[in-house]
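# An overview of the molecular structure
In case you want the letters, here they are:
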Amino acid sequence: MPNDRRRDGRTRGLADPHEAGSMTTVALSDISIDGGTQSRVGLDEQVVAEYAAAIRDGADFPPVVLFFDGTVYRLADGFHRFHAYRHAGAVEIEADVRQGTTRDAILFSVGANASHGLRRTNDDKRKAVLILLKDPEWSAWSDREIARRAGVGHNLVSSLRPSVIGGQIDAKRTVTRGGTTYQQDTAKIGVPAEDKAAKREARAAQQAEHDRERDEVAAKLPASIQEAESYRKAAIEGRKPAPAVAPAPEDRIAELEAEVAELREAAAAFEADVAERDARLARLEPMRVQFEQGGVDKVIEGKDEQIRVLRIQVEKESADKVSYKRSLDWAMGELRKRGWTGGDVVIDAKTGSIINGAAA
């Protein structure tokens, strides 16, 4: 029977987990975050909140790395980004999808963020190494190979290997401090303090709450958008492009009515511009005729004539005002001679004679 194991310990026939996969968009609800693919000790909630705020402001983050075994998408790199997109209200995320099993995802995750992303803590590095040392297959690799896979120094692997027996960590270690030698329980070093079962239940409850909120939002969307969303999900599952979905007739009618209203406003503004232009041309028409008759000199001559006529009108109005003032001064003098000290006076408009009393 041929050996189906490669010299590096991986199963033959599987794609190299470190080779880039296909870029696509995957629904957050289709991604599994369980299965031991998280090689960090835990999430930094402050970092998640900062990422979520940036996403809501329109920032783009690198795609997460998923491994797909034909049934389940397992998250191997990008746990902070995954939770940030979910906190930001997103329903899908850009992903680098690679073919592989859960073990491929775990093997990739132990070296994730070694040279990019959020810097790993010492406990994160220790956990990554222990994941490999606790595995019966991977623990057979050399210290340098494990260090290369985990992205750490080989001295860290060498210091941890003696405490691992048969793929399990020896919970007891002899420690000498301050001149005293004693047995230290190291079972929980590098492992989150929370009980794993309780954490799984909390994650499941959180996932259920996110799913409920997503379903409530989706139920309030217009029917045309819900239909398009169903086509999109079907396209992702079947790996085929989603067909274009025509909007509902009532939605299309509303769009057309809005376009007609915009066109009417534009037409009214255009008509107003045309009317203003025509009025300006009408004012300039006499000048155009004069220019055609004698050029600029003719236009200036016409303007001079207009000025002359206006000057005569002004002079006549000024003379009339002087005459009216003289008549008024004479009438006031006559009134004073007759002892007028105020009150109503009737003056004959034709002769200018002053008539005492209420009628001419």
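Right above here is the structure, for reference.
Presented here is a report on the structure given in the accompanying data block. All of these numbers come straight from a predicted model, not from anything done at the bench.

## Let's talk about the overall build of the protein chain
Along the backbone of the protein chain there are 9 helices and 11 strands. Long-range pairs, those at least 24 residues apart, make up 63% of the contacts in the protein chain with a sequence separation of at least 6. Carbon and sulfur atoms make up 54% of the accessible area of the protein chain, which amounts to about 23,800 Å² in all.

## Things to note about the side chain of Arg81
Here Arg81 lies in helix α2 (residues 79–87). Take Arg81: its relative accessible area is 10%, and that puts it in the buried class. A polar contact is formed between the side chain of Arg81 and the backbone oxygen of Pro63, at a distance of 3.0 Å.

## Examining the sheet that holds strand β2 (residues 31–32)
The 5 strands are arranged β1-β5-β3-β4-β2 in an open sheet whose pairing can be described as mixed. If you trace the sheet from one side to the other, it starts and ends with β1 (22–27) and β2, each paired once. Sheet topology places strand β3 (residues 64–68) next to strand β5 (residues 92–99); 5 bridges connect them, and they run parallel. Residue pairing for β5: Val65 is matched across the bridge by Asp96. Seen against the sheet, helix α3 (residues 102–109) touches β3, β4 (73–77) and β5 and runs at an angle of roughly 15° to β4.

## A look at the packing of helix α4 (residues 122–133) against helix α5 (residues 143–150)
Across the interface, α4 lies against α5 with an axial gap of 10 Å and an inter-helix angle of 130°. It follows that α4 is oblique to α5 by the angle criterion. Where α4 crosses over α5, the two elements pack in a sense that is right-handed. Together, Ala128, Val129, Leu132 and Leu133 of α4 and Ile146, Arg149 and Ala150 of α5 make up the contact between the two elements. When its residues are assigned to classes, the contact of α4 with α5 shows 6 nonpolar, no polar and 1 charged.

## What about the packing of aromatic side chains?
The final tally for this structure, using the stated rule, is 4 aromatic pairs. Aromatic pair Tyr51 and Phe61: ring centres 4.9 Å apart, planes at 50°, arrangement tilted. One end of the pair, Tyr51, is in helix α1 (residues 45–56); the other, Phe61, is in the loop between α1 and β3, with 10 residues separating them in the sequence. On the basis of an interplanar angle of 55° and a centroid distance of 5.7 Å, the ring pair of Phe67 and Phe108 is categorised as tilted. Within this pair, whereas Phe67 is found in strand β3, its partner Phe108 is found in helix α3, the two being separated by 41 residues in sequence.

## Observations concerning the side chain of Ser163
In this structure, Ser163 sits in the loop between α6 (154–160) and β6 (164–165). At a separation of 2.7 Å, a polar atom in the side chain of Ser163 contacts the main-chain carbonyl oxygen of Leu160.

## A few points about the packing of α1 against α2
One can describe the packing of α1 onto α2 by two numbers: an axis separation of 8 Å at closest approach and a directional angle of 55°. In terms of orientation, α1 lies oblique with respect to α2. Seen along the crossing, α1 lies across α2 with a hand that is right-handed. Contacts between α1 and α2 involve Glu45, Val47, Val48, Tyr51, Ala52, Ile55 and Arg56 from the former and His80, Arg81, His83, Ala84, Tyr85 and His87 from the latter. Classifying every residue of the contact of α1 with α2 by side-chain character gives 7 nonpolar, 3 polar and 3 charged.

Cut-offs and rules
- Residues numbered from 1 in each chain as written.
- Predicted model: local features only at pLDDT ≥ 70, side-chain atom pairs only at ≥ 80, totals over all residues.
- Heavy atoms only, no water.
- Helix = DSSP H or I, 4+ residues; strand = E, 2+ residues; numbered from the N terminus.
- Contact = heavy atoms within 4.5 Å.
- Areas by Shrake-Rupley, 256 points an atom, 1.4 Å probe, with all protein chains shown as cover.
- Buried < 20%, exposed > 50% of the residue type's maximum accessible area, 1.4 Å probe, protein only.
- Polar contact = N/O pair within 3.5 Å; in protein donor to acceptor, adjacent residues only side chain to side chain.
- Pairing = 2+ DSSP bridges.
- Axes fitted to C-alpha atoms, helices over the stretch in contact; angles between N-to-C directions.
- Parallel < 35°, antiparallel > 145°, perpendicular 65-115°, else oblique.
- Left-handed = near helix turned anticlockwise from the far one by under 90°.
- Nonpolar A, V, L, I, M, F, W, Y, C, P; charged D, E, K, R; others polar.
- Phe/Tyr/Trp six-rings, centres within 6.5 Å; stacked < 30°, edge-to-face > 60°.

As far as function goes, none of this settles anything; it's purely spatial.
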